[in-house]
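A structural walkthrough
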Amino acid sequence: MLSRTAENLFWIARYIERAETMARLLEVGARIALMPQAGHGYRNEWESLLRASGTASGFALKYGDPVQRNIESFLFFDRDNPSSVASCLERARENGRIVRTALTTQVWDALNTAFQEMRGLERVPRSELELSRLTEWTLRHTAMLRGAIDASLLRNDGYEYLGLGFALERADNTARLLDVKYYVLLPRVDFVGSGLDNYQWQTLLRALSSHRAFHWAYGGEITAGKIAHFLILNRQSPRSLVTATGAAVTHLDGLARAYGRAGPVQTRARALHEALEKTTVEEVFEEGLHEFLTRFVRDVSGLAVMVQASYLSGEAR
Amino acid sequence: MATEYFNEMYHGDQVRPPYARLEDWMRAMPAEFRAMKQAEAEALFRRIGITFAVYGEGGDPDRLIPFDMFPRVFTQSEWRRLERGIKQRARALNAFLLDVYGRGEIIRAGRVPARLVYQNAAYERAVAGFTPPRGVYSHIVGIDLVRTGPDDFFVLEDNCRTPSGVSYMLENREIMMRMFPALFRENRIEPVDGYPGLLRRTLASVAPAKCEGEPVVAILTPGHFNSAYYEHSFLADLMGVELVEGADLFVEGGFVWMRTTEGPKRVDVIYRRIDDAYLDPLCFRPDSMLGVPGLMDVYRSGGVTIASAPGAGVADDKAIYTFVPEMIRFYLGEEPVLLNVPTWQCAKADDLNYVLDQLSELVVKEVHGSGGYGMLVGPRASKAQIEAFRARLVANPAGYIAQPTLALSTTPTFVNEGIAPRHVDLRPYCLVGERIELVPGGLTRVALTEGSLVVNSSQGGGVKDTWVLAE
Amino acid sequence: MILTVSHATTYRYSAPMRGAVQSLRLFPARFEGQNVLDWQVEVPSGIRGGSFRDGAGDKIEGWSLRGPITEVSVHVSGRVETQDLHGVLRGHREVVPAAAYLRTSPPTEADAALSDLAVAAGAGAQDLLDRAHRLAAAVTAAIVYRPGVTHEHTTAAEALALGEGVCQDHAHALIAAAHVLDMPARYVSGYLFSDAQGAAHEAAHAWAELWVEGLGWVGFDAANACCPDARYIRLGSGFDARDAAPIRGLALGEGLESLDVAVAVGQAQQ
């Protein structure tokens, strides 16, 4: 397939995943803002959200102080913010239009419907839009997109590029989310356990739709160790780092099979995944959660660069 | 003005034979049902993505070209004559191109003025002396036709470069078949869905001699911001070929290659949907970001075929148009089957005087214009418009030609008030490669505004399915 | 006369480029005034592409280079035996008719001053050849040779208004003037051997050719007030300087380009 087509598919998935993360982040922020003791932590919280979304400097430039309404607009509607839900969905749809023929009608329909409805939402006065409606709307559409891809797309190389995009974006997003929460709220492991922290972690889990899953898997008190295990090392958790790297390996292997040749990118992905599989929570904390996550985000972005060079740039021979 | 327009369905009270079965269909359709079907058609168009992208004007970037459900019908014998005329014209136009980039016999013979050809902006010095595979320059010839009577067809203009709109021909049919299957059982209608296959075969048949094995064909698009992007991707899909942008291609070792996920893949035939000027920044416009640097060197050294060939535009200029009947006589030794519209060359003093005198009766067009812009329809223009146009014409006579206002035929068309006659034209797509092929059908464009003679989609025109009845 | 040519062009980039493509028109024309003894064109680490002779009789060869690259160079060397045909391009095979060279391009667009110059110069000419000579002489008189005052994109009209310019400006102005009088004219690029008493022109040179019915294409070097003779090597032609450029190239990437050219044309010992 044309490298550009592969690139477009890869980015469609990344944008969808990113739109979903943004919506989930907004939900976290909104819930925490509702906390009774949202005193000094309140402001911090919104700042950390912006940081997690990687858009803090863009926001500061445009709005200055983090005010909830502005943050909501910025993360959801703002086209000046390349990571806003609206920007992501628009770009996913434009990428889809470019590779229209590599998609099924169902997938195109889902992309196009999300885009058209988004334009409808933009025309509604902000005062009439509850945040929860926006986040639910986003999750519903991203779920429809995943469903359409899963149910209707041919399992050819195009499917693998989509899968790869989802996997790498999710790995990146989960790591960033975790890092910001940890970095801002838990400078030292022994701080874990206060009521505020628990509430925040629960909120985070809920925003990731993992609240129940977590309790089923671990039970009892929420601890930093359990959270880290759940979001980094648990192979059952759909958003964990190890699940994401596992998916990346699967899709890269699919490409190697389809093309009859594997390259350094497969080797690298496998190494990253296997290292994660062997890691324990203790080792993560020993390295330092922040250090560990920083390294991981760098590794994932390194892998994305290799994917780009191997398949998407068109420079490979 | 009491012009009599030929109505393709009714002759007085009589229904003309090709429309016989449509009479009942039309009468049996209640207004609500019709509205429902119209909405259904629109939804299908949007669904499939047949839109006409318009960027930078605000509003919905994806517009639909209005689709009229009332088909336009030709009998087999009417079509046979059209087919003969269209193929004849396509052959002559290609013979002309081969000639003017070669020895220029028709010019030496004094049948076409040298200036019109060699000083034409569309004449490409860079391809002179080069014979493309099978001597074909224009592989897809779109010939715009109008009808003024039962047996009177006129060629309005030729499109030798990259005539657009064929996706509508295909989709209009597809949608009609989905919505009115019964109609297609009752009427025996020649299919048009062989077009993508024929186009692919045509393009493969002009692969360069250096091509090894099955020719690789690709469609070169200016990109997804282009208003015809849908058509490009639609054709690529139906033909089973890649849709590429300039940046997807590069030249090396005398060949053109596509950048794919599995490494470079050689391309043998490029069906380009970008203008000559943008094809290769080394040869044409140096600022072009849409083309492929070095493409023309590969083309000229026989490493790739470009369809239509660079320079093909010199045959479809509105000033050259006048000479097409002469080309048919000169190259084919035949009389033209299809007539030209009488045309006054404003560059000639006598013609200009006549045109200025009759401005309110004539249609005046820019020689290099297209899309219905820069055009005066005398009988429908205000005094002020006519005077403004007169000034432009006097300032640059060579830039214009004039033609009588043709009494374009009408066909029944669904309008708000019910059904009413609207003016139509026809663009069939003739394919020229190893053989000359024409699918039985084309794109019928309809002027939806009452009384309007301008069918361009940019000026309020719509489209219709075009039927050719089997014997 | 046997002329030797050594011509090296080097493009350097401030940042690595993803690749480069070149279209070279660096081969001596084939006509009675030139006999190529040997001639090489090389692009180090480049990949040779297709080559062909175009409708104007010029040989063109494509080259490409795979990235990353920070430098592209083109080396030309060879020997050509020349003879003086007084500018007449005798025995040159081409398909493009002279009438095609009545078309103007932006740099050869005549303004009122160029039109006046052409009409004044052409008045009283005995025949077409005489008219061509008068036009060339008028351009020589109107534009003084002076390097550095004009640039790559200077038009004929601008150079005339300035009254100064280099060979490219003389050629553009002569083409524009010829078009005013309905004479086909074109731009020619090549080399010039400057002997001891010759003017200090660059060895990479350009002049114009005018179509004289009955005689064919005749070269006029308005910059040197003469017709090309045995000191000239003709490469190729076009509507204007860009169209006739011996090297057309493009590198992909963000780096800034700098250019270094070294040309030496000498006379071989016989």
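Conventions we followed
- Residues numbered from 1 in each chain as written.
- Chains lettered and ligands numbered in written order.
- Predicted model: local features only at pLDDT ≥ 70, side-chain atom pairs only at ≥ 80, totals over all residues.
- Helix = DSSP H or I, 4+ residues; strand = E, 2+ residues; numbered from the N terminus.
- Buried ≥ 20, exposed ≤ 12 C-beta atoms within 10 Å, placed from the backbone.
- Contact = placed C-beta atoms within 7 Å.
- Pairing = 2+ DSSP bridges.
- Axes fitted to C-alpha atoms, helices over the stretch in contact; angles between N-to-C directions.
- Nonpolar A, V, L, I, M, F, W, Y, C, P; charged D, E, K, R; others polar.
- Domains from an automatic or database assignment.
- pLDDT = per-residue confidence, 0-100.
- Core = buried A, V, L, I, M, F, W, Y, C linked by C-beta atoms within 7 Å.
- Expected span 1.5 Å × (residues − 1).

As a further point, take the overall build of chain B. Regarding its fold elements, chain B presents 14 helices and 25 strands. Counting over 471 residues, chain B shows a buried share of 48%. Taking all contacts inside chain B whose residues are at least 6 apart in sequence as the whole, residues at least 24 apart take part in 69%.

In this section: the overall build of chain C. Within chain C, the secondary structure is distributed over four helices and twelve strands. For the C-alpha atoms alone, the extent of chain C along its principal axes is close to 60 × 45 × 40 Å. A buried classification covers 50% of the 270 residues belonging to chain C. Across chain C, the fraction of contacts at a sequence separation of at least 24, relative to all contacts at a separation of at least 6, is 73%.

Residue and element names in this part refer to chain C. Taken together, the 18 bridges between strand 1 (residues 2–24) and strand 4 (residues 59–82) define a ladder with antiparallel strand orientation. Looking at the pairing, L3 lines up with V80 of strand 4. Both strand 3 (residues 47–53) and strand 4 contribute to a ladder of five bridges, which runs antiparallel. Note on strand 4: the bridge partner recorded for S51 is E61. Two successive antiparallel strands, strand 3 and strand 4, enclose a turn made up of five residues, where G57 displays a positive phi of approximately 85°.

Another point: the sheet that holds strand 7 (residues 185–192) of chain C. All names here are of chain C. Reading across the sheet, the four strands line up as 9-8-7-10 and stay open at both edges, with antiparallel pairing between neighbours. Whereas interior strands pair on both sides, the edge strands pair on one side only; in this sheet they are strand 9 (216–220) and strand 10 (232–238). Neighbour-to-neighbour, the strand axes of the sheet open up by a mean angle of 35°, direction not taken into account. By the bridge criterion, six bridges tie strand 7 to strand 10 in an arrangement that is antiparallel. Across the sheet, residue S189 finds its bridge partner in strand 10, namely G236. Sheet contacts for helix 2 (residues 128–142): strand 8 (204–212) and strand 9; angle to strand 8, the most-contacted strand, approximately 145°.

With that settled, the discussion passes to the interface of chain B and chain C. Of the residues lining the interface, 25 residues belong to chain B; the matching set on chain C comes to 22 residues. Those elements that provide at least two residues to the side of chain B that touches chain C are helix 5 (114–118), strand 10 (249–252) and helix 10 (295–300) of chain B. When grouped by side-chain class, the residues that make up the side of chain B that touches chain C number ten nonpolar, ten polar and five charged.

With that settled, the discussion passes to the interface of chain A and chain B. Each side of the interface is counted separately: chain A has 18 residues, and chain B has 17 residues. Elements supplying a minimum of two residues to the side of chain A that touches chain B: helix 1 (3–33), helix 5 (85–98) and helix 6 (105–123) of chain A. Residues of the side of chain A that touches chain B, tallied by class, amount to eight nonpolar, four polar and six charged.

Residue and element names in this part refer to chain C. Note on placement: W207 falls in strand 8. We classify W207 as buried; it has 27 C-beta atoms within 10 Å. When the C-alpha positions of W207 and S194 are compared, they lie 15 Å apart, and in sequence the two are 13 residues distant. In contact with W207, other than residues within four places in its own chain, are C167, A171, V188, G219, F220, D221 and P228.

This next bit is on the domain arrangement of chain C. Residues and elements named next belong to chain C. The domain architecture assigned to chain C consists of domain 1 (2–81 + 247–267) and domain 2 (84–238). On the domain 2 side, the residues contacting the 23 residues of domain 1 number 20 residues. Of all the secondary-structure elements, those providing two or more residues to the side of domain 1 that touches domain 2 are strand 1 and strand 12 (257–267). With six residues, the top contributor of residues to the side of domain 1 that touches domain 2 is strand 12. Here the residues of the side of domain 1 that touches domain 2 are counted per class, giving 13 nonpolar, six polar and four charged.

With that settled, the discussion passes to the sheet that holds strand 10 of chain B. Residues and elements named next belong to chain B. If you trace the three strands from one edge of the open sheet to the other, you get 10-11-12, paired in antiparallel fashion. Since the sheet does not close on itself, it has two edges, and those belong to strand 10 and strand 12 (263–267), each with one partner. Put simply, the sheet's adjacent strands are angled 45° from each other on average, direction ignored. In this structure, strand 11 (residues 255–260) lies alongside strand 12, joined through five bridges in antiparallel fashion. From the neighbouring strand, R259 faces strand 12, where its bridge partner is P264.

Attention shifts here to the environment of P132(B). Residue and element names in this part refer to chain B. Looking at where P132 falls in the secondary structure, it is placed in the loop between helix 5 and strand 6 (140–149). Using a count of 26 C-beta atoms within 10 Å as the deciding quantity, one classes P132 as buried. Linking P132 and G302, residues 170 residues apart in sequence, is a C-alpha distance of 8.1 Å. Residue contacts for P132: discarding those within four places in its chain leaves Y137, T305 and A309.

Residue and element names in this part refer to chain B. The pairing of strand 6 with strand 7 (residues 152–159) spans seven bridges and is classified as antiparallel. Bridging across to strand 7, G142 finds its partner in N159. The antiparallel pairing of strand 6 with strand 7 creates a hairpin that spans two residues between the two strands. Where strand 7 lies against strand 15 (residues 339–340), two bridges are found, and the strand directions are parallel. Considered in strand 15, the bridge of F154 is made with L339.

All names here are of chain C. Of all residues in chain C, 97% attain a pLDDT of 70 or more, and the chain-wide mean is 94. In the model of chain C, strand 12 stands out as the element of lowest mean pLDDT, 93, in contrast to strand 9, which has the highest, 98. Here the predicted complex carries an ipTM of 0.94, next to a pTM of 0.91.

Time to look at the nonpolar core. Of all hydrophobic cores here, the largest spans 213 residues; its most connected members are V256(B), L174(C), A177(C) and A208(C). With ten residues, the top contributor of residues to this core is helix 3 (residues 76–100) of chain B. In this view, A208(C) contacts A171(C), L174(C), I175(C), A185(C), R186(C), Y187(C), V188(C), F220(C) and A222(C); residues no more than four positions away in its chain are not counted. V28(A), A207(A), F214(A) and L231(A) belong to the second-largest nonpolar core, a separate cluster that totals 93 residues.

All right, on to the arrangement of the chains then. Summarising the chain contacts, two pairs of chains touch, and the pair with the most contacts is chains B and C. Spatially, chain A is disjoint from chain C: no contact exists, and the shortest C-alpha separation is 9 Å.

Residues and elements named next belong to chain A. The terminal C-alpha atoms of helix 12 (residues 241–259) lie 27 Å apart, and with 19 residues this matches the ideal 27 Å at 1.5 Å per residue to within 8%. Along helix 12, the positions that sit buried rather than exposed are L241, V242, T243, A244, T245, A247, A248, V249, H251, L252 and L255. G260 sits one or two residues past helix 12 and shows a positive phi near 70°.

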